Amino acid sequence: MFAEIVTPELFASAVRLATPIALAAVGASICERSGVTNIAMEGLMLVSAFAGVAVTLLVGNVWVGVFAAIVASVVFASLHAWSSINLRSDQIISATAVNILALGITGFLMETIFGHPGTTDPVKTIPPMYSVPADAGPVWTWIGTVFFSYTPIVYLGMFLAVFLTWALYRTRWGLRLRALGEHPRAADTVGVNVLRGRWYAVLISGAMSGLAGANLTLEQVGSFTENMTNGRGFIALAANIFGRWTPGGAYLASLLFGFADALQLKLQLFSDTINIPSQFFLMLPYVLTVVVLAGVVGKAVAPAAIGKPYKEKG
Amino acid sequence: MPEAKIGTPAEELDAERRFALEQQRVKRAITIATPFISVVIAMLVGSLVILISGHSPAEAYSAMIGGAFGGWRQIGETLLRATPLIFTGLAVSYGFRAGLFNIGAEGQLFLGGLAAAFVGLQVGGLPPLVSLPIIIFAAFLAGAAWAFIPALMKAKIGAHEVITTMMFSYIGKYLVSYIINGPLRAEGNIPQTTELPIASQLPRISDLLPFVGQNRAHIGIVLGIIAALIVWWVLKYTVMGYEARAVGFNPAAAETAGISVASTTIKSLCISGGLAGLAGAVEVMGVHYRLFDQFSSGFGFTGIAVALLAKNNPFGVILAAILFGSLSAGAGTMQLEAGVSQKVITIIQGTIIFLVGAEMIVTWAVARVRGRKGV
């Protein structure tokens, strides 16, 4: 049974399932490093997942759908940015509002456009960039499947994790961004525009969550179902914490959650032999999140100014 | 922003203090007005959405009002839906008072429902005056237990309760799904528990007051009002409530004053969870008489909107719960008669949270109206 479970496909599926979480988590690390918490990613992924499918069905081009997903998410992220940065409202509450609005708007548009609740019509998903030929040898089957069998946004996510790590630690922008989250007053004093810097960070996080939503519907599932994100936005936040607020760390932490998800899906296929009810497998990613948080929080240090609205001295 | 004037430090301090006092006065007035203004604006946003979707807001809202208050049956339905919201609203607001955001009330509600279904099936032989309190107490404990690990993690290592309670929400739903498919599954094709014995059911109001005609409202609404009174009393007159408020207001100061922030956090989040558990109990005991997958229509999440709109005031919670109960009761009629998707009430709900959360919007608007230079 072990050989049936541990296949190249298991690891490839882990990477695929990790991708929406990872994209959102990498975005979260940027956002939170600037001092703004973002628990709105759940809602951002939801609106982008819906916008991606709806626009693809409307226009007939999946890349226009991806673009629409990013735009929708950025628009909703700017609500969170406006409320939490300019209006200085509680960041958790403003993000909760965005989450509930996202649930309502996607549900409303679902029924208005498609005439019924539940699931949209299917779209043709973006194909993987390479598929391993059936007659490949075992070595190439492993390497090809685990490293080369993904869809474009999956690779984009990997690239962005590396790129943003570099940007955060090796560029002036990154240094300033980190200053905003540690000591905004000091950053302000030396002439960094705190509010604008935070706005950009939230919008980047919005764009990343948009990619996450696009990946979920346009590369994986192929249709939108109400509330289909199922807590991934919150898991992404935990992954960001586990990754110690670094884009690279957040990405790697997400792989762990992706692996847990892939494993539970695989194990469900063997539920006859293993004889554990499927609900316990389904719980696994959520239990893992709690366990990871229990193990890591307290050791990882959050940005000092996180969650605190900044008021410019007028 | 006040215009920065050059003066001695003492003068500046004095001006600042007067400004602060004036601000405080305005702020208090706004705090009271915000919920009402927010509801009005949210309804306007809702009508805009209805308009864009090609329907008439007037028609939609009048259908909604008819569906919520058009007669005893409709009023009963509004109260029926307000009942769990009172409990989840109290749950979330008790957490807020102690500085905790119990976003996972939905999961605690599921566990409360599970306990009510399980215990309710065991105590059917007892007289209702004995069995009902036992079930309700069990549901409270179950909800509190489900909040305990997140509470412990918050108190001991600072893990954010927003993530942990949310994760426990999903875990709780899958647990309930397992139990109604496995150990407690009734005979038949539908995964659900067997019906509760009469002694474990909450009586309907129409059984006690026949003049209200046939409707589904049950005495859970009275329990909700009692719970609101108790929560109000606990917060105002007990040491535990005082400690919760002190920790919510300023944990560092509370700790300095000798209050254990850790134990207050644990107690407060567990009480919050217990109250959410009661919401599950009233749904199982008063509405469905059994437990199944979809027995809650997101009451835990709507509880957040209720608490915020009520500004965490227990009596405000009752009013806000009735408002959201009426929206939910009227939404079905609106969909039937005006053809507008009932999801519009979720949009209204989100807008209300957004506006109440961003008190600055109202502050800003009021300042404009008063012709003051920004507040």
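Here is what the cut-offs are and how they apply
By convention here, each chain's residues receive numbers from 1 onward along its written sequence. Both sets of labels track the order of writing: A upward for chains, 1 upward for ligands. Selection of residues for local features in this predicted model requires a pLDDT of at least 70, selection of side-chain atom pairs for listing and counting requires 80 or more, and totals for whole chains, interfaces and linings are taken over all residues. Secondary structure elements follow DSSP: runs of H or I of four or more residues count as helices, runs of E of two or more count as strands, with numbering from the N terminus. Only C-alpha atoms enter the radius of gyration, while the globule expectation follows 2.2 Å times N to the 0.38, with N the number of residues. Residues are called buried when their C-beta atom has 20 or more other C-beta atoms within 10 Å, exposed when it has 12 or fewer, and partly exposed otherwise; all C-beta atoms are positioned from the backbone. We call two residues in contact when their backbone-placed C-beta atoms lie within 7 Å. When residue character is reported, Ala, Val, Leu, Ile, Met, Phe, Trp, Tyr, Cys and Pro are called nonpolar, Asp, Glu, Lys and Arg charged, and the others, Gly included, polar. The axes are straight lines fitted to the C-alpha atoms, using for helices just the contacting stretch, and the angles between their N-to-C directions are given from 0 to 180°. The cut-offs work like this: below 35 degrees is roughly parallel, past 145 is roughly antiparallel, 65 to 115 is roughly perpendicular, and the gaps in between are oblique. The crossing is said to be left-handed when, going from far helix to near helix, the turn is anticlockwise and less than a right angle, and right-handed when the turn is clockwise.

**Things to note about the overall build of chain A**
Counting its regular elements, chain A contains 14 helices and zero strands. For chain A, the N- to C-terminal ordering of α and β elements is α-α-α-α-α-α-α-α-α-α-α-α-α-α. Against the globule reference of 20 Å for 314 residues, chain A gives a C-alpha radius of gyration of 20 Å, in line with a compact fold. Dimensions of chain A, computed from the C-alpha atoms along their principal axes, are close to 65 × 45 × 35 Å. Per-residue burial for chain A yields a buried fraction of 53% across its 314 residues.

**Comments concerning the overall build of chain B**
Looking only at helices and strands, chain B features 15 helices and zero strands. Here the C-alpha atoms of chain B give a radius of gyration of 23 Å, agreeing with the 21 Å that 2.2 N^0.38 yields for 375 residues. Considered along the principal axes of its C-alpha atoms, chain B spans approximately 80 × 55 × 35 Å. Counting over 375 residues, chain B shows a buried share of 52%. Taking all contacts inside chain B whose residues are at least 6 apart in sequence as the whole, residues at least 24 apart take part in 77%.

**Comments concerning the interface of chain A and chain B**
Every contact between the two is made by 38 residues of chain A and, on the other side, 39 residues of chain B. If you list the elements that add at least two residues to the side of chain A that touches chain B, you get α5 (91–114), α11 (232–242) and α14 (278–296) of chain A. No other element matches α5(A), which puts 14 residues into the side of chain A that touches chain B. Of the residues in the side of chain A that touches chain B, the class split is 23 nonpolar, 12 polar and three charged.

**Overview of the packing of helix α13 (residues 314–338) of chain B against helix α14 (residues 344–357) of chain B**
All names here are of chain B. Axis separation between α13 and α14 bottoms out at 10 Å; the angle between their running directions is 160°. In this view, α13 runs roughly antiparallel relative to α14, as classed from their interaxial angle. Relative to α14, α13 is oriented so that their crossing is right-handed. Contacts between α13 and α14 involve F324, L327, S328 and A331 from the first element and I345, I348 and Q349 from the second. Among the residues forming the contact of α13 with α14, the class breakdown is five nonpolar, two polar and no charged.

**What to know about the packing of helix α4 (residues 62–86) of chain A against helix α10 (residues 194–221) of chain A**
All names here are of chain A. At a minimum axis distance of 7 Å, the contact between α4 and α10 shows a crossing angle of 145°. Classified by chirality, the crossing of α10 by α4 is right-handed. Classifying every residue of the contact of α4 with α10 by side-chain character gives 18 nonpolar, 10 polar and one charged.

**A short note on the environment of F249(B)**
All names here are of chain B. Mapped onto the elements of the fold, F249 is located in helix α9 (residues 239–249). Classification of F249 by C-beta neighbours within 10 Å gives exposed; the count is 12. Taking the C-alpha atoms as reference points, F249 and F96, 153 residues apart in sequence, are found 9.8 Å from one another.

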